[in-house]
Amino acid sequence: MPRELVHRRAISEVFLTGIQRNESTIYTVSAQWPRWHVFFGSIGQGFDSALVVETLRQLTVLIAHTQLHVPLGMQFLMPDISVSMTSGAMRNPFAPAEVTAEVMVSEVKASVQGVNAFRTSAIFRVDGQMIADGAAGARIVDPEAYVRIRSRSPVADRHRIVPPVPAADVGHSTAWNVVLGESSAAGCWPLRVDVSNPILFDHPLDHIPGVLLIEAVRQSVRLALLDPSLDFSLLEARFMSIAEFGDEAVVVLESVTADTDTTTVLANIQASGTVRMHATASITTNQQPDSVLPPSPRRKPAETGYVDLRENLHA
């Protein structure tokens with residue numbers, strides 16, 4: 001698909017290959033995942049949850065532009081995203097994965113200017129086998145409204161890049177992909193934001209992207225459980241407000257509990273005393289509770305209640 005329709009600059013980072021409308025609100029979106037990727041696919045022979053998240057983001061943007069008539073140049077805000085991985089699904093290491101996503105669009109809201117909100121839910125299949133499902137919310141504002149929103153919170157040009165934790169400890173082969181810095185506080189790590197990363201910052205952004213925030217939570221879990229191969233079997237992320245480049249943000253593990261073969265994690269991204277993202281995740285593992293790092297005393301309860309959608313993450 002044309003790269004501008006999924007908000008990507010590099011052709012190599014466009015995973016979608018086609019879209020077909022089946023019914024008024026149901027679509028089939030095709031995608032191809034590479035055999036190897038410098039950032040995605042760092043979990044051995046299984047399917048990477050981060051790749052599912054990125055594909056879900058891309059197909060949500062694609063549907064907005066090609067099916068809901070949202071013009072290019074509009075700003076996308078994403079209040080939430082979730083994925084659930086199918087247990088035991090394995091990829092073929094000798095061929096790219098040909099992916100089919102059955103997508104349903106719901107909760108479409110529009111004004112005289114056009115569609116300004118909707119939700120997507122998708123079932124992902126490879127060779128007919130279900131490998132994941134997910135859902136995402138989208139809010140759309142025009143550039144003028146976006147400027148007014150961002151004027152309430154000044155944006156710094158750059159984020160301070162802190163020394164990374166060892167790449168091998170978080171499941172990567174290069175420090176370029178490490179999004180956490182060294183920390184002396186258990187269960188709490190500073191966010192490491194390197195805008196030169198060609199995957200996380202494929203195109204110019206005025207904030208820290210959601211995929212980086214989600215990856216920060218995953219890397220923190222890998223560090224806490226001392227297993228760089230762990231991946232989410234279930235992830236539910238809510239973006240409370242935009243994470244600014246000027247923020248000295250930290251990822252905090254609120255709680256990590258294990259029961260038989262499943263570990264449940266509550267985590268958030270904090271900056272300037274505000275929770276920017278809250279995440280609930282499950283990981284399939286044999287890790288025992290007494291080996292989990294204790295939560296940091298710096299943690300704060302996740303914010304609940306009213307969420308100002310004007311402040312939600314820009315996709």
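Right above here is the structure, for reference.
What comes next concerns the included structure. (Residues numbered from 1 in each chain as written. Predicted model: local features only at pLDDT ≥ 70, side-chain atom pairs only at ≥ 80, totals over all residues. Heavy atoms only, no water.)

**Topic: the packing of aromatic side chains**
Here is step 1: Using the criterion set out here, one finds four aromatic pairs in the structure.
Here is step 2: Relative to F40, the ring of F15 has its centre 5.9 Å away and its plane inclined at 75°; by these criteria the two rings are edge-to-face. Of this pair, F15 sits in the segment before β1 (16-21) while F40 is found in the loop between β2 (26-33) and α1 (49-66), placing the two residues 25 residues apart along the sequence.
Here is step 3: Accessibility expressed as a relative area gives 2% for F40, which makes it buried.
Here is step 4: For the ring pair F39 and F40, a centre distance of 5.1 Å and an interplane angle of 90° mean the geometry is edge-to-face.
Here is step 5: Members of the aromatic cluster, connected to one another through ring pairs, are F15, F39 and F40. (Phe/Tyr/Trp six-rings, centres within 6.5 Å; stacked < 30°, edge-to-face > 60°. Helix = DSSP H or I, 4+ residues; strand = E, 2+ residues; numbered from the N terminus. Buried < 20%, exposed > 50% of the residue type's maximum accessible area, 1.4 Å probe, protein only.)

**Some points on the side chain of Q58**
Here is step 1: Relative to the helices and strands, Q58 is located in helix α1.
Here is step 2: Excluding residues that lie within four positions of it along the chain, Q58 makes contacts with V6, R8, E13, V14, F15 and L16. (Contact = heavy atoms within 4.5 Å.)

**Quick notes on helix α3 (residues 210-224)**
Here is step 1: Spanning 15 residues, α3 covers 21 Å between terminal C-alpha atoms, matching the ideal 21 Å at 1.5 Å per step.
Here is step 2: In the stretch just after α3, L226 is the one whose phi turns positive, near 60°. (Expected span 1.5 Å × (residues − 1).)

**Here we look at the environment of D169**
Here is step 1: Within the secondary structure layout, D169 lies in the loop between α2 (143-150) and β8 (188-190).
Here is step 2: D169 sits in the partly exposed class, given a relative accessible area of 37%.
Here is step 3: Distance in space between the C-alpha atoms of D169 and P228 is 5.3 Å, their sequence separation being 59 residues.
Here is step 4: Discounting chain neighbours no more than four positions away, the residues touching D169 are R222, L223 and P228.

**Side note on unusual backbone geometry**
Here is step 1: Of note, the phi angle at E107 is positive, near 55°, even though the residue is not glycine.
Here is step 2: With respect to the element layout, E107 can be found in strand β5 (residues 97-111).
Here is step 3: Of note, S272 is a non-glycine position whose phi angle comes to about 55°, a positive value.
Here is step 4: Mapped onto the elements of the fold, S272 is located in the loop between β11 (262-271) and β12 (274-284).

**Quick word on empty space enclosed by the protein**
Here is step 1: Summed over the entire model, instances satisfying the criterion amount to three cavities of 30 Å³ or more.
Here is step 2: Each pocket or cavity is described by its volume, and for the second largest cavity that value is around 50 Å³.
Here is step 3: S49, A50, V53, V211, I214, E215, R218, F232 and L235 are the residues that line the second largest cavity.
Here is step 4: Where the lining of the second largest cavity is concerned, the elements lending two or more residues are α1 and α3.
Here is step 5: With four residues, α3 is the single largest residue contributor to the lining of the second largest cavity.
Here is step 6: Split by residue class, the lining of the second largest cavity holds six nonpolar, one polar and two charged. (1 Å grid on protein atoms, 1.4 Å probe; cavity = no way out; pocket = protein on both sides within 12 Å on 5 of 7 lines; lining within 4 Å. Points joined across faces, edges and corners; volume = space filled by probe spheres on them. Nonpolar A, V, L, I, M, F, W, Y, C, P; charged D, E, K, R; others polar.)

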